[in-house]
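Coordinates in review
What follows is the residue order along each chain.
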Amino acid sequence: MRPSIPLAGATLLSCVFPAQLYAGGPPLMLAQPYQAVASLTPYLVSEKFDGMRAYWDGQRLLSRSGKIIATPAGFTEGWPHHPLDGELWLGRGQFQALMRIVRDQQPDSRAWQSVQFLVFDRPDLAQPFALRYQALALGLEAMALNHVQLVRQQTVASHEALAAKLDEVVNAGGEGLMLRHRDGVYRPGRDSGLLKLKPKWDAEAKVVGYEPGQGRLTGMMGSLIVEDAQGRRFRLGSGFSDEQRLSPPPVGTVVTYSYSGRTEAGLPRFARFERIFVGL
């Protein structure tokens, strides 16, 4: 079913991103944490999938860090010559299994049969999201590939309905919700036109040191000392398996952590290690 966003009389303008932006990865638009908005009317809402961000540049499938993702023969056959922004996904709660498949430089065709590319934007169109989404829907419908799917957007009438939708997704094993402003243009970097709503936030920080474990953890790593992009240092002491404590991420590794709000100093509350950051 096509989205009911009219295209009549609209001109879809192509937007070309400067090649130098690829030096640090493809020019992805990134979400800001959700802050209460006065009205939800301008927003379209979709599930936030726990997959791996992937960018099709018209010729290659790239990771967030800009590395080429090795896919089996035929996986990208029939894909368009224009960019697509989306997520490789195996299913709710299957992130680690997905990463084992994606990291294989000699891709297992049988394993990749379960992987989908969930597409949510057309970065090349210099138009509001509502029009980009309409064009994306028409293009994917024409492709008619089972493993390439449109991320469905819906309207939410109230903040109560948004909270109920979040509960529904999280209770079913999902991560949270994404809110896209209908009039938002695609801009590389974090943008207020794209919001993520989760029961907990997540962010990245670099490992700069360790604290030794005590008691049961004697002889293991007790906490990671990490530094965020603003130069703030703090500890991550939970979320690790014993195996990870025996062989912690090396200094310089970027890790993803979750947290529940921030202190007045900007430090994360209840910070917890989630995983090594996947830039691939």
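Residues numbered from 1 in each chain as written. Predicted model: local features only at pLDDT ≥ 70, side-chain atom pairs only at ≥ 80, totals over all residues. Heavy atoms only, no water.

Using the following cut-off: UniProt positions are given in the numbering used here, feature names are shortened, and annotations may be inferred rather than shown by experiment.
Under an unreviewed UniProt entry, the name given to the protein chain is DNA ligase (ATP), and the organism recorded is Ferrimonas balearica. Quoted verbatim from the Cofactor (unreviewed entry) heading of the UniProt record, the comment on the protein chain is "a divalent metal cation".

Concerning helix α1 (residues 95-103)
One turn of the α-helix equals 3.6 residues, which is why residues spaced by three or four share an orientation. Our working definition: Buried residues are those whose accessible area, probed at 1.4 Å on protein chains only, stays under 20% of the maximum for their type, while exposed residues exceed 50% and partly exposed ones sit between those limits. Each helix corresponds to a stretch of at least 4 residues labelled H or I by DSSP, and each strand to a stretch of at least 2 residues labelled E; elements are numbered beginning at the N terminus. The contact criterion used is simple: two residues touch if any of their non-hydrogen atoms lie within 4.5 Å.
Regarding α1, the residues found buried are F95, A97, L98, M99, I101 and V102. On the buried face of α1, the contacting elements are β3 (52-56), β5 (84-89), α2 (109-112) and β14 (272-276).

A closer look at the sheet that holds strand β8 (residues 176-181)
Keep this limit in mind: Note on pairing: two strands pair once DSSP finds at least 2 bridges between them. Throughout, an axis means a line fitted to C-alpha atoms (over the contacting stretch in the case of helices), and angles, computed between N-to-C directions, take values from 0 to 180 degrees.
With mixed pairing, four strands are arranged side by side in an open sheet as β1-β9-β8-β2. Among the strands making up the open sheet, the edge pair consists of β1 (29-33) and β2 (43-48). Going from strand to strand, the sheet's axes swing by 40 degrees on average, the running direction of each strand aside. The pairing of β1 with strand β9 (residues 189-197) spans five bridges and is classified as parallel. Opposite A31, over in β9, you have D191 as the bridge partner. Of the strands in this sheet, β2, β8 and β9 are in contact with helix α4 (residues 159-171), which crosses β8 at around 135 degrees.

Here's the deal with the side chain of R122
Stated formally: Polar contact is the term for a pair of N or O atoms within 3.5 Å; when the atoms are in protein, one must be able to donate a hydrogen and the other to accept it, and sequence-neighboring residues count only if both atoms are side-chain atoms.
Relative to the assigned elements, R122 resides in the loop between β6 (116-121) and α3 (129-143). Overall, R122 belongs to the buried group, its relative accessible area being 11%. A polar side-chain atom of R122 sits 3.1 Å from a polar atom in the side chain of H82. One polar contact links R122 to D124, side chain to side chain, over a distance of 2.8 Å. If near-sequence neighbours (up to four positions away) are discounted, R122 is found in contact with H82, P83, L84, R132, A135 and L136.

Considering empty space enclosed by the protein
Going by this rule: The way it works is a 1 Å grid over only the protein atoms, where trapped points that fit a 1.4 Å probe form a cavity and open points with protein on both sides within 12 Å along at least five of seven lines form a pocket, and then any residue with an atom within 4 Å of a point lines it. Grid points are joined across faces, edges and corners, and a volume is the space filled by probe spheres set on the points.
As enumerated under the stated definition, the model contains one cavity of 30 Å³ or more in all. Computed from the structure, the largest cavity encloses a volume of approximately 80 Å³. Lining the largest cavity are 14 residues, and of these M29, D121, R132, R180 and L194 lie nearest its centre. At the level of elements, β6, α3, β8 and β9 are the ones that each hand at least two residues to the lining of the largest cavity.

Points about the sheet that holds strand β12 (residues 233-236)
Strand order in this open sheet of five strands is β12-β11-β10-β13-β14, and the pairing throughout is antiparallel. Two strands bound the open sheet, and with one partner strand each, they are β12 and β14. Each adjacent strand pair in this sheet contributes to an overall mean axis angle of 45 degrees, direction not counted.

A closer look at α3
For clarity, the cut-off: Here the expected span of a helix is defined as 1.5 Å times the quantity of residues minus one.
Spanning 15 residues, α3 covers 21 Å between terminal C-alpha atoms, matching the ideal 21 Å at 1.5 Å per step. Most of α3 is tucked away: 11 of the 15 residues are buried. Within α3 the residues assigned to the buried category are F129, A130, L131, R132, Y133, Q134, A135, L136, A137, L140 and M143. As for α3, its buried residues are in contact with β2, β5, β6, β7 (148-150) and β8. Immediately downstream of α3, the backbone of A144 shows phi near 55 degrees, a positive value.

Let's talk about the environment of Q244
Looking at where Q244 falls in the secondary structure, it is placed in helix α5 (residues 242-246). Judged by relative accessible area, which is 29%, Q244 ranks as partly exposed. Separated by 117 residues in the primary sequence, Q244 and Q127 have C-alpha atoms spaced 45 Å apart. Setting aside its immediate chain neighbours within four residues, Q244 contacts M221, G239 and F273. In terms of polar contacts, Q244 uses its side chain to reach the backbone amide nitrogen of S241, at 2.9 Å.

Description of the pairing of strand β10 (residues 201-212)
Sheet analysis places β10 next to strand β13 (residues 254-259), joined by six bridges and oriented antiparallel. Within β13, the position partnered with W201 by the bridge is Y259. Bridge count for β10 against strand β11 (residues 221-227) is six bridges, and the pairing is antiparallel. Its bridge partner lying in β11, Y210 is registered against L224.

Focus on the pattern of salt bridges
Put simply, the rule reads: Whenever Lys or Arg places a side-chain nitrogen within 4 Å of a carboxyl oxygen from Asp or Glu, that contact is recorded as a salt bridge.
Scanning the model with the defined rule gives 15 salt bridges in all. K198 is paired through a salt bridge with E175; the nearest N and O atoms lie 3.9 Å apart. Taken together, the positions of K198 in the loop between β9 and β10 and E175 in the loop between α4 and β8 put the pair 23 residues apart, joining distant regions of the chain. Comparing K198 with E175, the two get one shared label, buried.

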